[in-house]
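Fold and geometry: a report
Read off the chains here:
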Amino acid sequence: MPSSPVPTASATRVALALSAVYLIWGSTYLAIRFALEGGFPPFLLGGIRFLVAGGLMFAVLRWRGVAAPTRAQWGNAAVMGGLMLLLGNGMVNLAETKVSSGLAAVTVASAPLWMAVFAAMRGHRPTRLEMVGLGIGFVGVVWLSTGGSLTGAPLGLLALLVASVSWSFGSIWSRGRDLPSPFMSSAAQMLCGGALMLAVGLGLGERLHGMPTAHAIGAFWYLVVMGSLVGFSAYIWLLHHVRPALAGSYAYVNPAIAVALGAWLAHERFGLRELVAMGVILAGVVAITLAKAAKGKPA
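What counts, and where the lines are drawn
Residues numbered from 1 in each chain as written. Predicted model: local features only at pLDDT ≥ 70, side-chain atom pairs only at ≥ 80, totals over all residues. Heavy atoms only, no water. Helix = DSSP H or I, 4+ residues; strand = E, 2+ residues; numbered from the N terminus. Buried < 20%, exposed > 50% of the residue type's maximum accessible area, 1.4 Å probe, protein only. Contact = heavy atoms within 4.5 Å. Polar contact = N/O pair within 3.5 Å; in protein donor to acceptor, adjacent residues only side chain to side chain. Expected span 1.5 Å × (residues − 1). Bend = angle between axes of the 7 residues up to and from the residue.

On to the environment of Gln 189, then. Positionally, Gln 189 belongs in helix α8 (residues 182-203). A relative accessible area of 13% places Gln 189 in the buried class. It is 4.8 Å that separates the C-alpha atoms of Gln 189 and Ala 77, two residues lying 112 residues apart in sequence. Ignoring anything within four residues of it in the chain, the contact list for Gln 189 reads Ala 77, Met 80, Gly 81, Met 84, Leu 85 and Gly 194.

A few words on the environment of Glu 206. Of note, Glu 206 is situated in the loop between α8 and α9 (214-241). What makes Glu 206 buried here is its relative accessible area of 11%. It is 9.9 Å that separates the C-alpha atoms of Glu 206 and Leu 45, two residues lying 161 residues apart in sequence. Discounting chain neighbours no more than four positions away, the residues touching Glu 206 are Pro 41, Pro 42, Phe 43, Leu 44 and Gly 201. Polar side-chain contacts of Glu 206 include one of 3.1 Å to the backbone nitrogen of Phe 43.

Here we take up helix α3 (residues 71-95). With 25 residues, α3 extends 34 Å between its outermost C-alpha atoms, agreeing within 8% with the 36 Å of an ideal straight helix rising 1.5 Å per residue. Of all the bends in α3, the greatest, near 30°, is centred on Gly 81.

What follows is the structure, encoded as structure tokens:
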């Protein structure tokens, strides 16, 4: 994101957009769980979801006259779709067949830690506060990974780690690449990532054995409309109207929303060890976000 001043926006609009990103993205973890429990296999769920959402967004943008991606831009979108959707979202879906939605959200919240590592590998030297945040965050990740629910679900743990690392690497890799406008870029990534997820799901033998439950279908459409379209649109609007650190604050708010909703609607329970580890991870993410805000770089 450029370092130039962002346009001003009313406090009410900012609050509404933040509320949408916090609540909607925080609730998608539970929606994924409901869709999986109701009959959707993990990769087919993501593949169908992103093909539908990406197709709708692409059609609307083309109808409004937005230029289609070039051949090179489609290639970059395919790489990002593979990293951020196939390996990012797809592995979250897979993990949620083994672990709770709240634990999945908190583990994925470690993404800013990995992003800081990959940024450092590209020559962006971390500040002292960023180093402190990295240290705190990784202590929390190790603590959460070596005890409690995740220990008994090695596949879920591995899938969540792959999801966090892949999403983070894709985010850093995308900087400076030839991509279309933000909304068209998102549509292209969803189309490419959805196609890849669908192919992987079919290759692994995933099938819809009968019609998913009404509860699962409702969760699926919630993911398409609210998660992939409304939530993303609110996030893009925030990137253009508030400082990046504020727009990126969803990274440490979403897990709290996900844990609360999981406990309320799905009766998910966590031990003291897991709750403390979650707090440590979020403390590390907050420290990194504040450090990036202090030096005027995207959070």
